[in-house]
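Each chain is listed here by its residues.
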Amino acid sequence: MARNVNFDPHLMEAGMESPVDEEDVHHSFNQIIAENSQSVAPSEAFELQQLQWELTEEVEDSVHPLPGQGHEPREEQQDQRDFGWGGDETDPLIANKWSSATLRILSSMPSRTIGRNRGAIISQYYNRTMQLRRRRQSRPSIKDLSRSARPSIRGYGNEEDTTDAEARKREHLVNNLQNLSVSDRVRMLREMPLSVAEKSNLRGLALQKERQTQASGQMHCCSQLKYYTIIAARQGWYSWLSFLHSLQLWQVPLKRVSGRFGTGVLSYFVFIKTLLLFNVFLFLVTGAFLVLPQALFPPDPSADKRSFYGLELLTGAGYFTDSVMYYGYYANYTLQKSCRVDGGHHNTSLTNGTMRGCISNHHHYNMPLAYFFTIGVAFFITCIILVYSMSKSFGRSFRIDKSHSVLAMKVLCSWDFKVVKETSVKIMSENICTQLKELLAEVSHKDDTKTAGQKLWRLMVHALAWAICIGSTTASVVSIFYFSDNMHRNLKERFHEDPLLKEASMLALPVLVSFINLLLPGLFNLSAWMEDYESPSVRTYVSISRNLMLKVSILGVLCYHWLGRVAADSGLTCWESYVGQELYRFLIMEFIFTLLDTLFGELLWRLFSERVLRRRRRPVFDIARNVLELIYGQTLAWLGVLFTPLLPAVQILKLLLLFYIKKSSVMMNCQAPRKPYRVSQMTTIFITLLCFPSFVGASVCVTYTMWSIKPSSSCGPFRELKTMFQAGKRWVEKLEEGNQNLSVLANAYSYLVEHPFFLFLGAGIFLIVIYFHSQVVDGQRKIISLLQEQIENEGEDKKFLISRLQSIHEQRRGPNRRQRRQDSSC
Amino acid sequence: MPFPEESRLSVVRLRSQGFSGKRWVINKQSLRMNNSMPTRLHGRYHELAPHLVPMDYTSDPDCKLPLALIVNMPELKENPFRNRIVEAFSEDGMGNLSFNEFVDMFSVLSETAPRELKAIYAFKIYDFNVDNFLCKEDLEKTLNKLTKEELTPEEVDLVCEKTIEEADLDGDNKLSFADFENMISRAPDFLSTFHIRI
């Protein structure tokens, strides 16, 4: 998360926190330096000397007298103390050269005590809240600050002397907290490393004061209203969150999976949960605004009523053709409460809207308009939610600096605390051990360069692998193209055949596509194995890009087939319903093939490798491939919403079943991945893939359908119109007729939407905003390198001051020591 | 979002206001009905030592469970750092946790705790000798716990040296909290791996 960096000494020092309570009071460094640079009175010098002598004795018993000491042998320490410091100029901070007094001073340095006691934490947070208040009010201008090349020395909110009493500091802190905005206050309290009791105390005090000021002063009615609104909104939000949490959708299964396999495999199941939520939202919207009204006012039943065979569940045709599932069922007139004429027949008219002989004025529902707007608004809201979650995920995982500290991160950040099963913990330890050994080998063999011949060979192998992948993708795309063309032509010629057989033959295309989707990733895996990548993350990215290329091209050719060929075909009575049925079939087939893949790829493979090959290694759960399958399924669902408003419900059922089946399969058959898996980066990539090719592609297709394709003339809510878009236009025209004032709005609307100039303008502004943000990121990178330089400089300063202190102390001690030695030798 | 600070603090607020009977006295029935997080945690705390932990907190009892009981929880049992985790959250440094500290522990280890708080406690966990620095010994102990002592001593030495070399910014041959936090900020996975589900 790229925070706004500001030159602030407090934030930099603020890090050293450890709320271990100690009785020491925090001293400022200046005081100590001042003490030591003045001439020390002989008695004090003698006291320091005594102390040092005692400590020397302690040290001789080889006990650590002070924390933070080095571990060099004690004898050296003594010798160098005797001869005074003046030896090694290159590294004055080697601990064995320091005297005990210096060590004592060092141990009470601000950077080592600042986090240790409550008073220090409170004073530190006082400064933070002060600074936050100032920042919220107004930024100090650079001109007002004293010039300095080192930003930390500038007078940015100078810290007061921290030797104030703790109670006063606490009062100041409470005062500051009270003056912050509510969200800032909650955030500050959350971040404080104090105990719960302390925090609640502070919070209580802050609220108490607030109530007092409210009661005493006359608050302006608007701000009071705002205050109550904010409180109410916050309470509402928290109760909604606790309700969501109490639903505990899949809490226990997720915990079991993460306990056994860690965060990587867990992210797949969390992704299923995310997709489920998207589909639930879509289902609620389409169900409430499209399916329910149409189901309550069914149109005339069509002539051929088919009976239910079992095949409909697979093909979606037959009994389901003329049902609320598909586009063709929906009325193109305004639904009104039925008025019975002629003993039960609805007198419906196919022209714009009025029912002959019916004067009911309640419950008008303009179906075409509702259809148009529901789909549009659902897509728009999904887009907003997707972009928001994508940006949040990106913010969490984006790092400005390229990480050079891979080994340190592997040691300190790689342990997955979620894993609780004993065997999994063992596997994880082994993995980390292996990865550390590999990193060490890499670090020590970094200068191994390959010869030109080896490089050429590797290049050829890569080229061959890519050729295989691209070739197989192209071959499958071309075969789908011709096969779909063939099937479509055959469909028209086979009218006299058994309808059941005809329907079953419509399953051929989905089966072919799912088969290709199953086989080709295996081929890609083989070629990746042949290429033998060194870095596992590069291998993952290459595999994802190949699979993505395959799926995008397949979906592209299918969209061309549906929107280009089928839509233009005048032979079909209702092409939209046909396309909806196709999408339903594709979704079902994809589900069936995923089940088959789970069965063969995981269960049977495990049995085979255990019984026949007698290996202990189980198959590894390939997270990337499975997530891409999910994204592919979701793209189909989004493509199909326009033609099949109930498709989200099918997708919901499919995801629910998939979750439980995959979970049982993973628990029974698989083991955790052996390669390191960067969870947040992968999650960001997947949600970006969900947004960018998947959702954007689906919405482009739907927009194209609504904008340019002529709807079929005998079914659906857009029967007479030239394009679906005209439904919206007609409504605007009608409004205009009704009320002349709205003509401005209508004109503005048509001007904005139909002229390309504004589109270009919008895109241009977007690009400019992106450019500015990239410049900001660049600037922050530069600031980070400046700050790192500054930290090194401060480190040098510290070393210098410490060595000076040491030398001054040695000088003063020198004559006294000689005197003492003479005394003691007598 | 499993852990809004509000709900956690509200627990203590209710206690400090002497709220008795209806809200805070937990009996077995309310544990089943009321699914809010503090109640659930109290259930877990109680089942560690049913005869020690009171159900009624109105009299503000001072009850601490020893380290040995807490590290037997299934979420912590196999974790190589379990002793350090519990010690880091205990006020006395010995691993005896009161209920407040118990809640504190699972709150910091939850999904939504802020990154700074997690970094503070992670630093404390890895700081075996509690000197506010991660010196070479601390790193060696961490490494041995991570790899279950599978690495040779030379490899351990090399890894520790390289780690300090990579992460130490101010050149004092050990990692202060600022160095640690700087390194954590470059590891986006830290937030998701430093998380225990309860």
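Please read all numbers here as calculations on a predicted model, not as lab measurements.

Undergrad: Just checking my understanding: could you explain the UniProt feature "domain: EF-hand" (unreviewed entry) in chain B for this structure?
TA: UniProt marks residues 114-149 and 155-190 of chain B with the feature "domain: EF-hand" (unreviewed entry), using the numbering shown here. The distance from the first to the last C-alpha atom of residues 155-190 of chain B is 24 Å, and the span holds 61% helix and 0% strand.

Undergrad: What is the right way to look at the interface of chain A and chain B in this model?
TA: Put simply, an interface is often sized by how much accessible area is lost when its parts join up. Opposite the 77 residues of chain A that make contact, chain B presents 79 residues. Of the roughly 7,200 Å² buried where chain A meets chain B, counting both sides, 61% is carbon and sulfur surface. Applying the counting rule to chain A against chain B returns one salt bridge. Ionic pairing is found between Lys255(A) and Glu75(B), a salt bridge with its closest N-O pair at 2.8 Å. Counting the contacts that link chain A with chain B gives twelve residue pairs in polar contact (both at pLDDT 80 or more). At ten residues, helix α17 (residues 422-444) of chain A tops the list of elements feeding residues into the side of chain A that touches chain B. Classifying every residue of the side of chain A that touches chain B gives 33 nonpolar, 20 polar and 24 charged.

Undergrad: I tried to follow the domain arrangement of chain B on my own but got confused; where do I start?
TA: Residues and elements named next belong to chain B. When its domains are assigned, chain B resolves into domain 1 (36-109) and domain 2 (115-193). For domain 1 versus domain 2, the distance between C-alpha centres works out to 26 Å. When the buried area of domain 1 at its contact with domain 2 is split by residue, Phe 81, Arg 84 and Val 108 rank highest and sum to 59% of it. Where domain 1 meets domain 2, there are zero salt bridges. Inspection of the domain 1/domain 2 interface yields four residue pairs in polar contact (both at pLDDT 80 or more). At four residues, helix α6 (residues 82-89) tops the list of elements feeding residues into the side of domain 1 that touches domain 2. The class makeup of the residues in the side of domain 1 that touches domain 2 is seven nonpolar, no polar and one charged.

Undergrad: Explanation requested: the state of the cysteines in the structure shown.
TA: Every disulfide links exactly two cysteines, by a covalent bond between their sulfur atoms. Residue and element names in this part refer to chain A. Considering all chains together, one arrives at one disulfide over all chains under this definition. Two residues, Cys 574 and Cys 715, share a disulfide whose sulfurs are 1.7 Å apart. One disulfide, between Cys 574 and Cys 715, carries an S-S torsion of 95° and so falls in the right-handed class. Highlighted residues: Cys 574 in the loop between α21 (536-566) and α22 (575-612) and Cys 715 in the loop between α25 (679-708) and α26 (725-738), separated in sequence by 141 residues. Residue classification places Cys 574 among the buried residues on the basis of a relative accessible area of 14%. Considering cysteine sulfurs only, Cys 383 is the nearest to Cys 691, which forms no disulfide, with 6.1 Å between them. Under the relative-accessibility criterion, Cys 691 is labelled buried at 8%.

Undergrad: Where do I start with the packing of aromatic side chains in this structure?
TA: Each aromatic ring pair is described using two quantities: the centre-to-centre distance and the angle formed by the ring planes. Taken as a whole, this structure holds 40 aromatic pairs over all chains when the rule is applied. Ring geometry for Trp605(A) against Phe608(A): centres 5.8 Å apart, planes inclined by 35°, an arrangement best described as tilted. Of the two residues, Trp605(A) and Phe608(A) both sit in helix α22, three residues apart, roughly one turn of that helix. Its relative accessible area of 39% is what places Trp605(A) among the partly exposed residues. The interplanar angle of 80° and the centroid separation of 5.3 Å between the aromatic rings of Phe123(B) and Phe177(B) together place this pair among those described as edge-to-face. Placement of the pair is Phe123(B) in helix α8 (residues 115-126) and Phe177(B) in helix α11 (residues 177-184), with a sequence separation of 54 residues. An identical accessibility class is assigned to Phe123(B) and Phe177(B); each is buried. By the ring-pair criterion, three or more aromatic residues cluster together here, those being Trp415(A), Phe417(A), Phe81(B), Phe123(B), Tyr126(B), Phe177(B), Phe180(B), Phe190(B) and Phe194(B). A cation over a ring is seen here: Arg546(A) above Trp466(A), with NZ or CZ 4.4 Å from the ring centre. Between the NZ or CZ atom of Arg84(B) and the centre of the ring of Phe128(B), over which it lies, the distance is 5.9 Å.

Undergrad: In this structure, what is going on with the environment of Arg203(A)? I would like to understand it.
TA: With respect to the element layout, Arg203(A) can be found in helix α10 (residues 196-216). Between the C-alpha atom of Arg203(A) and that of Cys691(A), which follows or precedes it by 488 residues, the distance is 41 Å.

Thresholds, definitions, all that
- Residues numbered from 1 in each chain as written.
- Chains lettered and ligands numbered in written order.
- Predicted model: local features only at pLDDT ≥ 70, side-chain atom pairs only at ≥ 80, totals over all residues.
- Heavy atoms only, no water.
- UniProt positions renumbered as here; feature names shortened; annotations may be inferred.
- Helix = DSSP H or I, 4+ residues; strand = E, 2+ residues; numbered from the N terminus.
- Contact = heavy atoms within 4.5 Å.
- Buried area = accessible area lost by both parts, 1.4 Å probe.
- Salt bridge = Lys/Arg side-chain N within 4 Å of Asp/Glu carboxyl O.
- Polar contact = N/O pair within 3.5 Å; in protein donor to acceptor, adjacent residues only side chain to side chain.
- Nonpolar A, V, L, I, M, F, W, Y, C, P; charged D, E, K, R; others polar.
- Domains from an automatic or database assignment.
- Disulfide = S-S within 2.5 Å.
- Buried < 20%, exposed > 50% of the residue type's maximum accessible area, 1.4 Å probe, protein only.
- Phe/Tyr/Trp six-rings, centres within 6.5 Å; stacked < 30°, edge-to-face > 60°.
- Lys NZ or Arg CZ within 6 Å of the ring centre and 35° of its normal.

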